[in-house]
Amino acid sequence: MGVEAKIAPSMLSSDFANLASEAQRMLDCGADWLHMDIMDGYNLNYCLLHKPHFVPNLTIGAPVIESLRKHTKAYLDCHLMVTNPLDYVEPLGKAGASGFTFHVEVSRDNWGELVQRIKSKGMRPGVSLKPGTPIEEVYPLVEGEYPVEMVLVMTVEPGFGGQKFMPETMDKVRALRKKYPSLDIEVDGGLGPSTIDMAASAGANCIVAGSSVFGAPDSAQVISLS
Ligand code: DX5
Ligand code: ZN
């Protein structure tokens with residue numbers, strides 16, 4: 001394994017009906033952050049025409065973050081899989097989100113404004129990219145006047161937990177780590193006992209893990225692997 005990594009269980013795999021106790025259980029098991037997947041859901045037929053949404057799943061939004069915040073002081077690492085992240089800055093800031101990671105694919109025209117707004121609401125800005133998006137697309141955001149503080153490299157197509165890790169995405173992690181030795185690099189999707197080492201040795205230092213942690217008989221043991 002490479003550097004000591006943070007682990008962020010993806011609450012998407014938790015029992016949403018018991019979110020506060022699931023969050024506390026993860027923290028008791030050694031989690032560093034709680035990863036919150038905010039998705040905007042689409043109806044495929046409608047989307048083919050209008051593309052109004054980012055992923056075919058609908059999860060949680062600011063009201064749930066606000067509720068959870070009342071039960072925990074933990075770092076809430078919010079991953080925005082939505083087409084209009086700017087609209088979520090104010091409500092998530094008010095709700096008590098800690099990190100705000102948006103997708104570069106939907107922010108090519110306004111990422112500077114987005115990063116400034118995120119910071120002005122007291123959140124930590126991050127940018128994510130889908131498996132098919134070239135890593136070069138995020139370089140300007142890391143090097144800009146208002147830089148992001150984390151890059152989240154998706155290791156599956158965004159939308160659902162429980163998918164298979166895509167090892168080819170590790171080239172992007174390696175390229176990023178080489179260029180930015182102290183940048184926070186997060187990986188998300190299909191991470192578990194058989195893939196965490198690969199991601200950490202490529203240079204990732206923040207590991208998101210959903211089904212492998214929640215589905216394990218001993219979640220603390222999986223968390224300890226990072
Ligand atoms: C996928 C989400 C992930 C997902 C990870 O779109 O961003 O955070 O919940 O789940 P696993 O670890 O099960 O792939
Ligand atoms: Zn995620």
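See above for the structure.
What comes next concerns the included structure. (Residues numbered from 1 in each chain as written. Chains lettered and ligands numbered in written order. Predicted model: local features only at pLDDT ≥ 70, side-chain atom pairs only at ≥ 80, totals over all residues. Heavy atoms only, no water.)

**A short note on the site of ligand 1**
Residues in close proximity to ligand 1 total 20 residues, the closest being Asp37, Gly159, Asp188, Gly210 and Ser211. With respect to ligand 1, the side chain of aspartate 37 contributes an N or O atom lying 2.7 Å from an oxygen atom. One of the backbone nitrogen or oxygen atoms of glycine 210 is found 2.7 Å away from an oxygen atom of ligand 1. Coverage of ligand 1 by the protein amounts to 100% of the 380 Å² it exposes when considered alone. Taken together, the elements giving at least two residues each to the shell around ligand 1 come down to β2 (33-39), β3 (75-81) and β8 (206-209). Ranked by residue count, the leading element in the shell around ligand 1 is β2, at three residues. Partitioning the shell around ligand 1 into residue classes produces eight nonpolar, ten polar and two charged. (Near = heavy atom within 4 Å. Polar contact = N/O pair within 3.5 Å; in protein donor to acceptor, adjacent residues only side chain to side chain. Areas by Shrake-Rupley, 256 points an atom, 1.4 Å probe, with all protein chains shown as cover. Helix = DSSP H or I, 4+ residues; strand = E, 2+ residues; numbered from the N terminus. Nonpolar A, V, L, I, M, F, W, Y, C, P; charged D, E, K, R; others polar.)

**Thoughts on the coordination of the zinc ion (ligand 2)**
Every protein donor of the zinc ion (ligand 2) is accounted for by His35 (NE2), Asp37 (OD), His79 (ND1) and Asp188 (OD), and the metal-donor separations fall at 2.0 to 2.3 Å. Coordination geometry of the zinc ion (ligand 2): the six donor atoms subtend angles of 70 to 171 degrees at the metal centre, consistent with an arrangement described as octahedral. The sequence motif formed by the donor residues of the zinc ion (ligand 2) is H-x1-D-x41-H-x108-D. Residue aspartate 37 is located in strand β2, and its partner histidine 79 is located in strand β3; the two are separated by 42 residues in the primary sequence. Each member of the pair, aspartate 37 as well as histidine 79, carries the same accessibility label: buried. (Donors = N, O, S within 2.8 Å, 3.2 Å for Na, K, Ca; no water. Tetrahedral: all angles 85-135°; square planar, octahedral: opposite > 155°, others 65-115°. Buried < 20%, exposed > 50% of the residue type's maximum accessible area, 1.4 Å probe, protein only.)

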